[in-house]
Amino acid sequence: MLFNPVSRRRLLCAAVFGSAALALAGCMETASDFNANAPPRARAPDVPVALVSLEGAPEPVTARLSSAIARQASRRDIQIVGIDGKPRYQVRGYLAAHPLAEGKAELSWAFDIFDAQHKRAKRFSGEEIISRGQDWSAVSDQQLQIVAFKALDEIAEFLAATPEAVAARGAAPAASAARRAASLLAGH
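Residues numbered from 1 in each chain as written. Predicted model: local features only at pLDDT ≥ 70, side-chain atom pairs only at ≥ 80, totals over all residues. Heavy atoms only, no water.

**Things to note about the environment of aspartate 46**
Heads up, the rule is: What counts as a helix is a DSSP run of H or I of at least four residues, what counts as a strand is a run of E of at least two, and both are numbered from the N terminus. What makes two residues a contact is simply this: any of their non-hydrogen atoms within 4.5 Å.
Mapped onto the elements of the fold, aspartate 46 is located in the loop between helix H1 (5–27) and strand E1 (49–55). Sequence-distant contacts of aspartate 46, that is, excluding residues within four places in its chain, are made with Arg88 and Ala168.

**Considering unusual backbone geometry**
Its identity as a non-glycine residue notwithstanding, aspartate 77 has a phi of 60°, on the positive side. Along the chain, aspartate 77 falls in the loop between helix H2 (59–75) and strand E2 (89–99).

**Brief notes about the sheet that holds strand E4 (residues 120–130)**
This is how it is decided: Two strands make a pair as long as DSSP finds a minimum of two bridges between them. Only the stretch in contact is used when fitting a helix axis, every axis being a line fitted to C-alpha atoms; angles between N-to-C directions are given from 0 to 180 degrees.
Taken in spatial order, the four strands of this open sheet run E1-E2-E3-E4, and their pairing is mixed. The two strands at the open ends of the sheet, each matched to only one other strand, are E1 and E4. Neighbour to neighbour, the strand axes of the sheet diverge by 15° on average, direction disregarded. Where E1 and E2 come together, six bridges link them in parallel fashion. Bridge pairing in E2 places leucine 51 opposite valine 91.

Written as structure tokens, this is what we have:
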């Protein structure tokens, strides 16, 4: 059978995306492998952030996720402030649950980071498989910890690379060097 150029391109794209999906599936972490106390990839002190909203889930799930986010933010030195606390960035989170076959569901999540001009600076997203049940009551605390851990790792890496975080890190060594030089001069 001959393929026209468009069909050939679609077939090639399907093969590439299928291969990528299989490769990523091998990297997926199961809930039993997850450790909420694993070391974070990055820390982001001195960059105040407001968690503006979490949408898409019922209030009990949102409240549990908010607690998990607060815990993971603290571990990464992310300063969560209210809107009145003059955040440098605002974060909005979104959750959705989709039924899958065999009584499972997929919990999809996304977090958007907005800058001071209210422009989206970055989006992070992912999915977690809910192995028992197809509604919000099946979402466990551990699955919400996984979402919070992964999302806050991404957010911390983003925030750690912002100009204000880089400047704060540069100011700390300079201040430390100045204190050492002053103590050396005082000792002579």
